[in-house]
Amino acid sequence: MRDVIEALLSAHRSQRPVVFTALIETRGSTPQKAGATMLIYEDGQQVGTLGGGCVEAEVKRRALECLATSQRQLETFQLDHDYGWDDGLICGGRMITLIDPVSSHSYVSYYEALLKQIESGEGLTQVVRIEENGANIPPGSRYLFNHNNNLIAQTDDHDFPDFNSGLIPELHSLPRPKMSQGWAYLPTLPKFELFIFGAGHVGKKVCEFASQTGFEVTVVDDREVHCNRENLPYAKQCLVGDFDEVIDSMNLGPRSFCIIVTRGHNHDEEALFHLIQKRPCYLGMIGSKRKIRLIFDDLIAQGIEPGELERVHAPIGLKIGSQTVPEIAISIVAELISFRSEMALKVESGK
């Protein structure tokens, strides 16, 4: 979504007409889920996607019609033979799509606030009216709440109803989109940090895949020739220095993931010794079972409690029979995604 909002604001500054589209609510099998966004330019070019296929083409067609009238619309698409027959993608679900032309009269401040909140990494909730109601709030009206559930922006002049009556679920208890009483709730969860210790082939590939799946990646290595933005274009930052010194200076929080994929046994052990005392929410290490046992034995001898070592995911990665560097990286990132999803489910269930 960030790329779409950045492109929207850039187009607005250059007075280039665009249409913002978003999936507000989905049911059944759909190519994308609620929260997906797409920006459409008047020449048909786009940023982002709503899933491709015939339905995306139809959204584009209707968006360009709305661009001519500057009228916001909510459109419902039933994914049956009408949308999918040409390419065989008959999903059978339903999608409610917001189509919102951006003009000089639009509430661009809403998108500016949205981008700022995304960049903060703290999470947010967008609340969208999808039905007419007694307060005469038009469908498509949007309200933006920050991670503390404070209303920080809205697209219309209508006050949000029952603001103090607990209508907005707490963000931490709303890990997934939901619908209730004519309102759609679209949460963007806080950013998860991933610290990769080791900028070798595996670390580099994990950095690429993890950044593309929503992690904010930092790579740490003592070799500047490997740990730099040119070599690691997907990293948010690269930290060069001895592992013990870098780790000691870190502030790891409840959304910090750490993986150890350094170039050797000694560096792995050093990084693990210091990281285990920082207690990140996820800590994993690559290596054979024999190597891991040797490292664990050494750390116990140095005073690390065996119970602390039980929290370490090692060997890291799902068992998919991986052999090559890309396959190993995929297995690692898949485990990270699985762990992140389990955290969301625990929050959702109140555990």
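These notes cover the structure that comes with them. Just so you know, these numbers come straight off a predicted model, no measurement behind them. (Residues numbered from 1 in each chain as written. Predicted model: local features only at pLDDT ≥ 70, side-chain atom pairs only at ≥ 80, totals over all residues. Heavy atoms only, no water.)

A complete count under the given rule lists zero disulfides for this structure. As a non-bridged cysteine, Cys227 has Cys238 as the owner of its nearest cysteine sulfur, 4.5 Å distant. (Disulfide = S-S within 2.5 Å.)

Summarising the element assignment, Asp221 is placed in strand E12 (residues 215-221). Judged by relative accessible area, Asp221 falls into the buried class, the value being 1%. Of note is the side chain of Asp221, whose polar atom sits 2.8 Å from the backbone nitrogen of Ala199. If sequence neighbours within four positions are ignored, Asp221 has contacts with Gly198, Ala199, Cys227, Leu239, Val240, Gly241, Phe243 and Arg263. (Helix = DSSP H or I, 4+ residues; strand = E, 2+ residues; numbered from the N terminus. Buried < 20%, exposed > 50% of the residue type's maximum accessible area, 1.4 Å probe, protein only. Polar contact = N/O pair within 3.5 Å; in protein donor to acceptor, adjacent residues only side chain to side chain. Contact = heavy atoms within 4.5 Å.)

The subject of this paragraph is the side chain of Thr155. Assignment of secondary structure puts Thr155 in the loop between strand E8 (151-154) and strand E9 (178-180). Residue class for Thr155 comes out buried when judged on its relative accessible area of 5%. Within the local environment of Thr155, its side chain forms a polar contact with the backbone nitrogen of Arg142, the two atoms lying 2.9 Å apart. Side chain to side chain, Thr155 and Asp156 meet in a polar contact 2.6 Å long. Aside from chain neighbours lying at most four places away, what touches Thr155 is Arg72, Tyr107, Tyr110, Gly140, Ser141 and Arg142.

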